[in-house]
Amino acid sequence: MSIDTTQQPATQGDPAEQPAAAPATKRLNTAKAMVEAIAREMERDEDVFVLGEDVGAYGGIFSSTTGLLDRFGPERVMDTPISETGFIGAAIGAATEGMRPIVELMFVDFFGVCMDQIYNHMAKIHFESGGNVKVPMVLMTAVGGGYSDGAQHSQCLWGTFAHLPGMKVVVPSNPADAAGLMTAAIRDDNPVVFMFHKGIQGLPWMAKNKRSIGPVPTGDHVVEIGKAATARPGSDVTVVTLSLSVHHALDVAEELAADGTADVEVIDLRSIVPLDTEAIIESVTRTGHLVIVDEDYQSFGLSGEIAARIAEHDPTILKAPISRVAVPDVPIPYARPLEYTALPTPARIKEAIIGQVAPA
């Protein structure tokens, strides 16, 4: 797929030796990058439409659909009643009939009222039809804590969705990946759960995040689902993580590099179904040390799955036991000090990394 490029001045010499043209980009926050990716696909394919609570005039409570109603009208950007079972079921029906809906579940925590539609229908119809019926839809949802939203508005739960076969699960950490993964998700013939953390959206009324605004390619930008990215190369310790925790890990890695404590490699998973096991193993084979950072519950989740895959591949590549920094098995507290005790904060990540490189 082509990517628009900026015009470069003509140069002399062997064309094969000339530098490749840099892709044209513009600086966007993650929310705007998502919106532009959706809009581009709505322009490209008239079967793409958006529905959910407050996705129209309000533009999504985390600005995931801002401006789409004015641009495409109420027949393609539809505000729905507060009935997740109803409007997710409607999206599933539309997808099985050949359309490509993007349906927003306002908070992932609300999955409890519509899990029958998500798992017993969206995820299983293709299998139950013997592969004859496709369900090309995107279930978009906000995740994550850190804002005193309480136990029913602060979970990530990507491990829950990853555990249930039949759905791809993508979790971007930055504007460019949010745009590229959204485009890939819309074009995919499988149901894709697109999970965005409130803390990466770059919204002015939320806590500032220096990486939530960044360059995004202006052309046809697609990020392959199932391929992790090296957010920071390093040689001493591998940190495998995703979403907002990528930013925390990078902050810690920069601090530890500056004081000479450790050279930390940060792997951004970007998607967990499919999971890029090869990228994880390659990194850990080089560093010999692994810290898994996961803003989801520790037991029976992503961190355990990654650890198991290392063990199944070759546990001798590890020079020290794996460290996990995850949410303990308690509901997310409302009180800010308690909430930050539960979350995988930079302080907890730093402690885990230092524990890996400290002399025995």
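*Asks:* Any details on the pairing of strand β14 (residues 323-327)? Residues and values, ideally.
*Replies:* On a regular strand, one side chain projects to one face of the sheet and the next to the other, so that they alternate. β14 sits mainly inside the fold: 4 of its 5 residues count as buried. Judged from the 5 bridges that link them, strand β13 (residues 290-297) and β14 form a sheet pairing that is parallel. In the sheet register, Asp294 faces β14, and the bridge partner there is Ala326. As a crossover connection, the stretch from β13 through helix α10 (residues 302-313) into β14 is right-handed.

*Asks:* Could you give an account of the domain arrangement of the protein, naming the residues involved and the relevant values?
*Replies:* When cut into domains, the protein gives domain 1 (29-206) and domain 2 (229-357). If you average the C-alpha positions of domain 1 and of domain 2, the two centres end up 26 Å apart. With 28 residues of domain 1 at the interface, the matching set in domain 2 holds 22 residues. Contact between domain 1 and domain 2 buries roughly 2100 Å² in total, counting both sides, with carbon and sulfur atoms accounting for 54%. When the buried area of domain 1 at its contact with domain 2 is split by residue, Ser148, Trp158 and Ser173 rank highest and sum to 27% of it. For the pair domain 1 and domain 2, the interface holds 1 salt bridge. A salt bridge links Asp177 to Arg270, with the nearest nitrogen and oxygen atoms 3.1 Å apart. Take the side of domain 1 that touches domain 2: its biggest share by element is 4 residues, from helix α6 (residues 158-163). Split into classes, the residues belonging to the side of domain 1 that touches domain 2 amount to 13 nonpolar, 13 polar and 2 charged.

*Asks:* Give me the lowdown on helix α4 (residues 115-122), citing residues and values where you can.
*Replies:* Note: α-helices contain 3.6 residues per turn, so residues at a spacing of three or four share the same orientation. Burial in α4 covers these residues: Met115, Gln117, Ile118, Tyr119 and Met122. Buried residues along α4 sit in contact with α3 (84-96), β4 (100-107), α5 (125-128), β5 (138-143), α6 and β7 (192-197).

*Asks:* Go over the packing of helix α8 (residues 244-258) against helix α12 (residues 346-357) with me, naming the residues and quoting the values.
*Replies:* Contact geometry of α8 with α12 gives a least axis separation of 9 Å together with a crossing angle of 55 degrees. Judged on the interaxial angle alone, α12 and α8 are oblique. The crossing of α8 and α12 is right-handed. Where α8 approaches α12, its residues His248, Ala249, Val252, Glu255 and Leu256 are matched on the opposing element by Pro346, Ile349, Lys350, Ile353 and Ile354. Of the residues that constitute the contact of α8 with α12, the class distribution is 7 nonpolar, 1 polar and 2 charged.

*Asks:* Go over the side chain of Gln117, please, and point to the residues and values.
*Replies:* The residue Gln117 is located in helix α4 in this model. Classification of Gln117 by relative accessible area gives buried; the value is 17%. Here Gln117 is in contact with Thr85, Ile88, Gly89, Ile92 and Met122, once residues within four sequence places are set aside.

*Asks:* Account for the packing of aromatic side chains, with residues named and values stated.
*Replies:* Counted under the stated rule, the structure contains 3 aromatic pairs. Here a set of aromatic residues connected by ring pairs shows up, and it is made of Phe62, Phe107 and Phe110.

*Asks:* Can you explain the environment of Thr287? Please cite residues and give values.
*Replies:* Within the secondary structure, Thr287 sits in helix α9 (residues 277-287). Using a relative accessible area of 2% as the deciding quantity, one classes Thr287 as buried. For the pair Thr287 and Lys227, spaced 60 residues apart in the sequence, the C-alpha separation amounts to 20 Å. Among all residues touching Thr287, those that are not within four sequence positions of it are Gly234, Ser235, Asp236, Val237, Thr238 and Lys319. Of the polar contacts made by the side chain of Thr287, one reaches the backbone oxygen of His289; its length is 3.1 Å.

*Asks:* Account for the pattern of salt bridges, naming residues and giving values.
*Replies:* Summed over all chains, the structure comprises 20 salt bridges. The closest approach of N and O atoms between Arg187 and Asp220, which form a salt bridge, is 2.7 Å. Placement of Arg187 in helix α7 (residues 175-187) and of Asp220 in the loop between β8 (213-217) and β9 (229-232) is noted, with a sequence separation of 33 residues between them. Among the residues examined, Asp220 registers a relative accessible area of 23% and is labelled partly exposed. Measuring nitrogen to oxygen at the nearest pair gives 2.4 Å for the salt bridge that ties Arg286 to Glu265. On the criterion of sequence distance, the pair formed by Arg286 in helix α9 and Glu265 in strand β11 (residues 264-268) is long-range, its members being 21 residues apart. Sharing partners across several salt bridges, the network here consists of Glu41, Arg44, Arg187 and Asp220.

*Asks:* I'd like a description of the environment of Ser154, backed by residues and values.
*Replies:* With respect to the helices, strands and loops of the structure, Ser154 is situated in the loop between β5 and α6. The class for Ser154 is buried, based on a relative accessible area of 2%. Counting along the chain gives 11 residues from Ser154 to Val143, while the straight-line C-alpha distance between them is 6.5 Å. Setting aside chain neighbours within four positions, we find Ser154 in contact with Asp109, Gly144, Gly145, Asp149, Lys198, Ile332 and Glu339.

*Asks:* Explain the nonpolar core residue by residue, including any values.
*Replies:* Of all hydrophobic cores here, the largest spans 53 residues; its most connected members are Ile118, Trp158 and Phe161. Each of domain 1 (29-206) and domain 2 (229-357) accounts for three or more of the residues forming this core. What Ile118 contacts, discounting residues up to four positions off in sequence, is Ile88, Leu105, Ala123, Leu139, Phe161 and Met167. One finds Val48, Tyr147, Val170 and Met206 within the second-largest nonpolar core, a separate group that totals 40 residues.

Analysis parameters
- Residues numbered from 1 in each chain as written.
- Predicted model: local features only at pLDDT ≥ 70, side-chain atom pairs only at ≥ 80, totals over all residues.
- Heavy atoms only, no water.
- Buried < 20%, exposed > 50% of the residue type's maximum accessible area, 1.4 Å probe, protein only.
- Helix = DSSP H or I, 4+ residues; strand = E, 2+ residues; numbered from the N terminus.
- Pairing = 2+ DSSP bridges.
- Right-handed = clockwise from strand over helix to strand, strands pointing away.
- Domains from an automatic or database assignment.
- Contact = heavy atoms within 4.5 Å.
- Buried area = accessible area lost by both parts, 1.4 Å probe.
- Salt bridge = Lys/Arg side-chain N within 4 Å of Asp/Glu carboxyl O.
- Nonpolar A, V, L, I, M, F, W, Y, C, P; charged D, E, K, R; others polar.
- Axes fitted to C-alpha atoms, helices over the stretch in contact; angles between N-to-C directions.
- Parallel < 35°, antiparallel > 145°, perpendicular 65-115°, else oblique.
- Left-handed = near helix turned anticlockwise from the far one by under 90°.
- Phe/Tyr/Trp six-rings, centres within 6.5 Å; stacked < 30°, edge-to-face > 60°.
- Polar contact = N/O pair within 3.5 Å; in protein donor to acceptor, adjacent residues only side chain to side chain.
- Core = buried A, V, L, I, M, F, W, Y, C linked by side-chain atoms within 4.5 Å.

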